[in-house]
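Reading the structure
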Amino acid sequence: MIARLTGKLAETSADGAIIDVQGVGYQVQASARTLDALGPIGGDVTILTELQVREDGWTLFGFGSAGERETFRALTSVQGVGGRVALAILSVLDPTELATAVSRGDKAMVARANGVGPKLAQRIVNELAGKLGSPALAGAAGTPTPRGGPANDALSALANLGFKPAEASAAVHAANEELGPDASLDALVRLALRKAAK
């Protein structure tokens, strides 16, 4: 399972990017929001990924935050929502906005995405009710994962300890904000664990 890529941004297109990881180019499908945040061609990038294996091929989806990836997983659990439709929704609504729309039963907001009609929007709202957490939590999960360095290692450490990706991302983000960019991995993990345990 490919969970994360760190490398150079080789090229981008309307619906994806190619990340060069030590000479191997990985084609990643991503939301417009994630693509906008990748930065310039040739720059260093770290992107969280989800690999979908189907009879007709393998597709790698990329995300700028653990919250976006968790929301993608929730969306693709709904019948009729494939990876591309989920990315279309995440291009229009960030995880916080989607959680808000679902909690309010606002199918019109969900239907703004390309390829989502009223019936599918209603199914998404019905099936995800109570599954996306509160909009406030989704907001914390929607904060971009700090790129590279100790923050990514701290995220992995919390995930290995059994924390959900959204919880781990929110805790590491909060710890990173408090300690600043020069924090050591040890300090980050300790503070993130305290924040996650609250």
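Notes on the structure follow. (Residues numbered from 1 in each chain as written. Predicted model: local features only at pLDDT ≥ 70, side-chain atom pairs only at ≥ 80, totals over all residues. Heavy atoms only, no water.)

**A word on the sheet that holds strand 3 (residues 24–30)**
Sheet architecture is closed into a barrel: 5 strands sit in the order 1-2-3-5-4, paired in mixed fashion. Averaged over all neighbouring strand pairs, the angle between strand axes comes to 55°, with direction disregarded. Here strand 2 (residues 16–21) pairs with strand 3 via 6 bridges, running antiparallel. Paired with Val21 across the bridge in strand 3 is Val24. Across the face of the sheet, helix 2 (residues 66–76) comes into contact with strand 4 (44–54) and strand 5 (57–63) while running at roughly 15° to strand 4. With respect to the sheet, helix 3 (residues 83–92) is in contact with strand 3, strand 4 and strand 5, its orientation differing from that of strand 5 by roughly 15°. (Pairing = 2+ DSSP bridges. Helix = DSSP H or I, 4+ residues; strand = E, 2+ residues; numbered from the N terminus. Axes fitted to C-alpha atoms, helices over the stretch in contact; angles between N-to-C directions. Contact = heavy atoms within 4.5 Å.)

**Side note on helix 2**
Extensive coverage of helix 2 is indicated by the burial of 8 of its 11 residues. Residues of helix 2 that are buried include every one of Ala66, Gly67, Glu68, Arg69, Thr71, Phe72, Ala74 and Leu75, and no others. (Buried < 20%, exposed > 50% of the residue type's maximum accessible area, 1.4 Å probe, protein only.)

**Considering the packing of aromatic side chains**
All told, the structure shown has 2 aromatic pairs when counted by the stated rule. Their ring planes at 40° and their centres at 4.9 Å tell us that Phe61 and Phe72 sit as a pair that is tilted. Residue Phe61 is located in strand 5, and its partner Phe72 is located in helix 2; the two are separated by 11 residues in the primary sequence. The residues Phe61 and Phe72 share a single accessibility class, namely buried. Taking 4.9 Å as the distance between ring centres and 55° as the angle between the ring planes, the aromatic pair formed by Phe63 and Phe72 counts as tilted. (Phe/Tyr/Trp six-rings, centres within 6.5 Å; stacked < 30°, edge-to-face > 60°.)

**Overview of the pairing of strand 1 (residues 4–12)**
Here 5 bridges tie strand 1 to strand 4, and the two strands are oriented antiparallel to one another. Within strand 4, the residue paired with Gly7 across the bridge is Val45. Sheet analysis places strand 1 next to strand 2, joined by 4 bridges and oriented antiparallel. Its bridge partner being in strand 2, Lys8 is matched across the sheet by Asp20.

**Some remarks on helix 6 (residues 118–128)**
Regarding helix 6, the residues found buried are Leu120, Ala121, Ile124, Val125 and Leu128. For helix 6, the angular spread of the buried residues around the axis is 140°, confining them to a single face. Exposed and oriented more than 90 degrees from the buried face of helix 6 are Pro118 and Lys119. A positive phi of about 85° marks Gly130, the residue just after helix 6. (Arc of directions from axis to C-beta.)

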